[in-house]
There are 2 protein chains.
Amino acid sequence: MHLHLRDGEMLKLAAPHSAADFAGAVVMPNLVPPVNSAETMAAYRSRIADAAGTFAKDFSPLMTVFLQKQSYEELENLKTAPGFFAMKLYPAGATTNSDGGVRDFGEAEETLRAMEELGIPLLVHGESNGFVMDRETEFLPVYRNLAIRFPKLKICMEHISTAAALPLLGEFENLFATVTLHHLLYTLDDLAGGLLNPHFFCKPIVKRPEDRAALREAVFGGNAKIMFGSDSAPHPVSKKECAGAFGGIYSAPVLLPALAELFEKNNALGMLNDFLGGNARRIYDLPKATKKIVLEKKTQRVPEIYCGADTETRVVPMLAGKEIAWSVSER
Amino acid sequence: MHLHLRDGEMLKLAAPHSAADFAGAVVMPNLVPPVNSAETMAAYRSRIADAAGTFAKDFSPLMTVFLQKQSYEELENLKTAPGFFAMKLYPAGATTNSDGGVRDFGEAEETLRAMEELGIPLLVHGESNGFVMDRETEFLPVYRNLAIRFPKLKICMEHISTAAALPLLGEFENLFATVTLHHLLYTLDDLAGGLLNPHFFCKPIVKRPEDRAALREAVFGGNAKIMFGSDSAPHPVSKKECAGAFGGIYSAPVLLPALAELFEKNNALGMLNDFLGGNARRIYDLPKATKKIVLEKKTQRVPEIYCGADTETRVVPMLAGKEIAWSVSER
C-alpha cells in the first residue's frame, strides 16, 4: 500500500520486482516533476505497465497524485480516471522530491474538503521539519486536526515509525496507517550503531527499539487499521554510498519471503494475509485480488546488487547478500 | 586533550595539522595492535615526532596507553617513561579499534587501584553497548561508581555528548570531562536529518538539540572542569563514503579558527583560552605552554580534501569547502 517505482531505467528495474509478487500497489507520485494531474498520472501508469512487462496483466498500480491545490473539478476528473486511487500529501522538503509539497495546511483546505466530498482517500507523509527523531511525533497533532475537521475523509498515516502514532488509530475512526517491513525490523542501531550503513537510511528514519517493539505488537496482534506499505524506494548505489546519501530502502525484491520469516518468528503467520491485503481491501473497499502467490520455507540468498540497463541503475536491495528462510515457490 | 593521530601515511598527513596549531595533545592509543606498553608507546611517540616534522619541536604528544590488565610494576614503569600521560579505557567494541578493550570492569580493578596510588589519570570512552542514542547515559552509573570507589583517581569522561553527563561534574570532585567541537556544533540532524552525511558520523554519535544546547551552556559558561578535546579522527574517504563507514570526524585542520568563530558568535571568546588549555593545565598540573598562536578575523575556505602520499590517504576534513570567519595568522 505504499511503493516508489521511480521512472526511466530505474522503473524498468523496479516494476517487475513488485509486479511479480503483488497483485497491486499504491504508487507514490514523487517524481521530478511530480505526478500532479490526470494527464501525468495516466502517462506514468502507462510507463509502469510497460516496465512491468509480462507481469503487468496481474498487477494493478493504484495511482496517487501529489496533493497541491487541486480544484473540485480536477479532483472530480481524477476520480474517474483509470487507476486513480488517492491523493498523497507531502509537507514540503520531508523526503525525496517533496519540494513542491504543501507548506501551509490552510492552502490545502478546499482540496481536502473536495476530497472528503468525493470520497478520495488522503495519504500523508507525516513529518514535521523538527529534530529527525521527533518529526513524526511532532506531526501527530496535524493528523488529529485533520481527522477531526474532515470526519468523512479516509486519512492514512503512511509508514508510521513510532509508538506514539499508534494510539491515534483507536481514537479516530477515519485514521489508518501503513507500516513498512524495515520499521518492523530495524532501529537507528542498524543505521548508525556500529559502522554507518547508508542502506538502512530512510525517511522516516528508523527509530528506537521501543518504537519497533510497539509497531510489532500492533502488527502481529492483528490491528485491522494497519496495512502493509513497503515504502520500497530504490536509489542507485552511487547515491547511497557517498557523502549526501538519499533516504530509501529497496525492499521490493525480498518483501514476501522476509515478511514470512519475520511473522513466523513471531508466531504471527496467521496475520500475514490481512496485513498484506485484507485490511486494505476492507478499509478502501478494494476488489479481492485473484492472484495467488505460494511461499514455502526454503532458504534463499539475496543478491548483493541489482543492475539495470545503464551503469547508473545499480541498486543494493534490503538484506543484500543475506539468507532468508522463505522463498516464493509459485507465482 | 583528545586526539587520534593514527599511524603510517595517515599519521604523516595528520600530525603536522595538529602540531602546527597546538602546543600539545593527548594522543589516543587505539591503533592495531593498540599502544599498550611502555615500548609500544615510546615507538609511537617517536613516529609522531618524525611525522610532525618541523612542528615537532613545539609540540608535546601526551601519550596514553590502552588500559587492559597492566600490573603495578608496568604502570610504575610507564609513569617514568618520557611523554606518558594517562591510561585510556575503552569498553570493548565501543569505537574504532577498541576490540581489545575492557569487557568487565572487575578485571580492571587492580590496575585502577594502582593508577590511583601512582597518580595516573584515567581517560574513559564512556558508552554502554545499548541503543546508540542512550549509550552515554547508560554508562553514567559506571562513572559514578568509579568516582566513588577511586576517590583519588582523576577520571575524565571523554567527549561527553549529552546533557545528562554534565551534573556528574558538580557531584564528584575527581570527575572531569572533555568536549569536542563537533558535539558543540552538530546534532543527529546534521548526520541524518536531510541527506545522510557520513562525514558527521562519529562515536559517540551526535545527539539531540537539547544535548548540544546543554554542552554549549556549560562550555560558554566557563565550567572549569571541562576541557577541549577535539577527538579529531581521520579516516580515508574510501572508508567514509561507503557502506559500513567508520566513525570519526577529521577536525584537526580547522579547530582553532572554527572554535574562535563559534565562541565569538556566542559572546564567549574570553572563555576560549581556558577551554583550550587553561582548565587542563590546572586539572592535570601540566606546565604552561610557551607556544603562541595568533588568530585573526579573516575568512578562509577549508579545503575539500587533504591528500597523503598514497592513494588511500585522502581525508575529507570537517567543514570541507566551507568558509570560516577566522584564520591562524601567526604561528
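Notes on the structure in this doc start here. The model shown is predicted, which means the values in this text are computed figures rather than measured ones.

Turning our eyes to something else, we now look at the pattern of salt bridges. Scanning all chains against the criterion turns up 32 salt bridges over all chains. Across the pair glutamate 171 of chain A and arginine 144 of chain A runs a salt bridge, and its minimum N-O distance is 2.4 Å. Of this pair, glutamate 171 of chain A sits in helix 6 (residues 167-171) while arginine 144 of chain A is found in helix 5 (residues 135-149), placing the two residues 27 residues apart along the sequence. Among the residues examined, glutamate 171 of chain A registers a relative accessible area of 43% and is labelled partly exposed. A relative accessible area of 32% places arginine 144 of chain A in the partly exposed class. For arginine 149 of chain B, the salt bridge identified is with glutamate 109 of chain B, shortest N-O distance 2.0 Å. You can see arginine 149 of chain B sitting in helix 5 (residues 135-149) and its partner glutamate 109 of chain B sitting in helix 4 (residues 109-118), a full 40 residues away along the chain. Arginine 149 of chain B sits in the partly exposed class, given a relative accessible area of 34%. We classify glutamate 109 of chain B as partly exposed; its relative accessible area is 26%. Salt bridges sharing common partners tie together Glu109, Arg113, Glu116 and Arg149 of chain A.

Residues and elements named next belong to chain B. With parallel pairing, the seven strands of this open sheet are ordered in space as 1-2-3-4-5-6-7. In this open sheet, the two strands that pair with only one neighbour each are strand 1 (24-27) and strand 7 (226-228). In this sheet, adjacent strand axes meet at a mean angle of 30° when their direction is disregarded. In this sheet, strand 5 (residues 155-157) lies alongside strand 4 (residues 122-124) in parallel orientation, the contact comprising three bridges. For valine 124, the partnering residue across the bridge sits in strand 5 and is methionine 157. Contacts from helix 5 reach strand 4, strand 5 and strand 6 (175-179), with the element oriented near 165° to strand 5.

Turning our eyes to something else, we now look at the packing of helix 3 (residues 72-79) of chain A against helix 4 (residues 109-118) of chain A. All names here are of chain A. For the pair helix 3 and helix 4, the least separation of the axes is 9 Å and the interaxial angle reads 40°. The handedness of the crossing between helix 3 and helix 4 is right-handed. Residues Tyr72, Leu75, Glu76 and Lys79 of helix 3 touch helix 4, and the partners they reach there are Thr111, Ala114, Met115, Glu117 and Leu118. In terms of residue class, the contact of helix 3 with helix 4 is built from five nonpolar, one polar and three charged.

The subject of this paragraph is unusual backbone geometry. With an omega dihedral of -5°, the bond running from lysine 203 of chain A to proline 204 of chain A counts as a cis peptide bond. Within the secondary structure layout, proline 204 of chain A lies in the loop between helix 8 (188-192) and helix 9 (209-220). The omega torsion of the bond from valine 32 of chain B to proline 33 of chain B falls at -10°, within 30 degrees of zero and hence cis. By secondary structure assignment, the location of proline 33 of chain B is in the loop between strand 1 and helix 2 (38-52).

All right, on to the side chain of asparagine 174 of chain B then. Residue and element names in this part refer to chain B. Topologically, asparagine 174 is positioned in the loop between helix 6 (167-171) and strand 6. When its relative accessible area of 9% is taken as the criterion, asparagine 174 is described as buried. Once residues within four sequence positions are removed from consideration, asparagine 174 is found in contact with Ala147, Phe150, Pro151, Leu153, Lys154, Ile155 and Lys225.

Placing chain B over chain A gives an RMSD of 0.0 Å and needs a rotation angle of 180°, together with 0.0 Å of translation along the axis. The superposition operator between the copies reduces to a two-fold rotation axis. In this assembly the copies share their binding face: 100% of the residues contributing to the interface of chain B also contribute to that of chain A.

Residue and element names in this part refer to chain A. The element helix 10 (residues 255-265) is largely enclosed, with a buried count of nine among its 11 residues. What helix 10 keeps buried is the set Leu255, Leu256, Pro257, Ala258, Leu259, Ala260, Glu261, Leu262 and Phe263. Residue asparagine 267 follows helix 10 closely and has a positive phi angle near 50°.

Among the nonpolar cores identified, the biggest contains 205 residues, and Leu122 and Leu191 of chain A together with Leu122 and Leu191 of chain B are the most heavily contacted of them. For leucine 191 of chain A, the residues in contact, after removing those within four places along its chain, are Leu196, Asn197, Pro198, Phe200, Phe201, Ile205 and Val206 of chain A together with Leu196 of chain B.

On to the sheet that holds strand 5 (residues 155-157) of chain A. All names here are of chain A. Taken together, seven strands build an open sheet; the order of strands is 1-2-3-4-5-6-7 and the sheet is parallel. The sheet is open, and its two borders are formed by strand 1 (24-27) and strand 7 (226-228), each paired with just one other strand. Taken pair by pair, the neighbouring strands of this sheet meet at an average axis angle of 30°, ignoring direction. Sheet contacts for helix 5: strand 4 (122-124), strand 5 and strand 6 (175-179); angle to strand 5, the most-contacted strand, approximately 165°. Contacts from helix 11 (residues 272-284) reach strand 3 (84-89), strand 4, strand 5, strand 6 and strand 7, with the element oriented near 125° to strand 7.

One frequently used descriptor of interface size is the decrease in accessible area upon assembly of the parts. Counting residues at the interface gives 30 residues for chain B, matched by 30 residues for chain A. Both faces combined, the contact of chain B with chain A buries some 2,300 Å², and carbon together with sulfur accounts for 64% of it. The interface formed by chain B and chain A includes four salt bridges. Residue arginine 208 of chain A pairs with aspartate 134 of chain B through a salt bridge whose shortest N-O separation is 2.5 Å. Applying the counting rule to chain B against chain A returns 16 residue pairs in polar contact (both at pLDDT 80 or more). Across the side of chain B that touches chain A, the residue classes break down as 16 nonpolar, seven polar and seven charged.

Along the polypeptide, threonine 187 of chain A turns up in the loop between helix 7 (181-185) and helix 8. According to the relative accessible area criterion, threonine 187 of chain A is buried, its value standing at 3%. The residues contacting threonine 187 of chain A, other than those within four sequence positions of it, are Val206, Lys207, Arg208, Pro209 and Arg212 of chain A together with Phe131 of chain B.

Residues and elements named next belong to chain A. Here serine 230 lies in the loop between strand 7 and helix 10. Distance in space between the C-alpha atoms of serine 230 and histidine 2 is 5.7 Å, their sequence separation being 228 residues. One polar contact links the side chain of serine 230 to the main-chain carbonyl oxygen of histidine 2, over a distance of 3.3 Å. Here the side chain of serine 230 touches serine 232 through a polar contact of 3.0 Å, landing on its backbone nitrogen.

The next subject is the pairing of strand 6 of chain B. Sheet faces and side chains relate simply in a regular strand, where the side chains alternate between the two faces. Residues and elements named next belong to chain B. Of all the five residues making up strand 6, five are buried; the element is thus mostly covered by neighbouring parts of the structure. Taking every second residue as pointing to the same face, both faces of strand 6 are buried, with Leu175, Ala177 and Val179 on one and Phe176 and Thr178 on the other. As judged from the three bridges shared by strand 5 and strand 6, these two strands associate in the parallel manner. In the strand pairing of strand 6, isoleucine 155 is matched with leucine 175.

What counts, and at which threshold
All residue numbers refer to positions counted from 1 along the written sequence of the respective chain. Chain letters start at A and ligand numbers start at 1, both assigned in the order the entries are written. For this predicted model, a pLDDT threshold of at least 70 governs which residues receive local features, and a threshold of 80 or more governs which side-chain atom pairs are given and counted, while totals over whole chains, interfaces and linings are taken from all residues. Think of the side-chain values as coming from all heavy atoms in the structure, minus any hydrogens and water. Whenever Lys or Arg places a side-chain nitrogen within 4 Å of a carboxyl oxygen from Asp or Glu, that contact is recorded as a salt bridge. Elements are defined by DSSP. Helices are runs of H or I of four residues or more, strands are runs of E of two residues or more, and each kind is numbered from the N terminus. For each residue, the accessible area found with a 1.4 Å probe, counting protein chains only, is set against the maximum for its type, and the residue is called buried under 20%, exposed over 50%, and partly exposed in between. Only strands that DSSP links by at least two bridges are regarded as paired with each other. The axes are straight lines fitted to the C-alpha atoms, using for helices just the contacting stretch, and the angles between their N-to-C directions are given from 0 to 180°. Any two residues whose heavy atoms approach within 4.5 Å are treated as being in contact. In this scheme the handedness of a crossing depends on how the near helix is turned from the far one: anticlockwise by less than a right angle means left-handed, clockwise means right-handed. Amino acid classes used here: Ala, Val, Leu, Ile, Met, Phe, Trp, Tyr, Cys and Pro are nonpolar; Asp, Glu, Lys and Arg are charged; the rest, including Gly, are polar. Least squares is the method used to superpose the copies, on C-alpha atoms of residues holding a pLDDT of at least 70 in both. Nonpolar core, defined: a set of buried Ala, Val, Leu, Ile, Met, Phe, Trp, Tyr and Cys residues in which side-chain atoms within 4.5 Å join the residues together. Buried area, as used here, totals the accessible surface that two parts lose on assembly, with accessibility defined by a 1.4 Å probe and the loss added over both. Identification of polar contacts relies on pairs of N or O atoms within 3.5 Å, with a donor-acceptor requirement for protein atoms, meaning one able to donate a hydrogen and the other able to accept it, and with residues adjacent in sequence counted only if both atoms are side-chain atoms.

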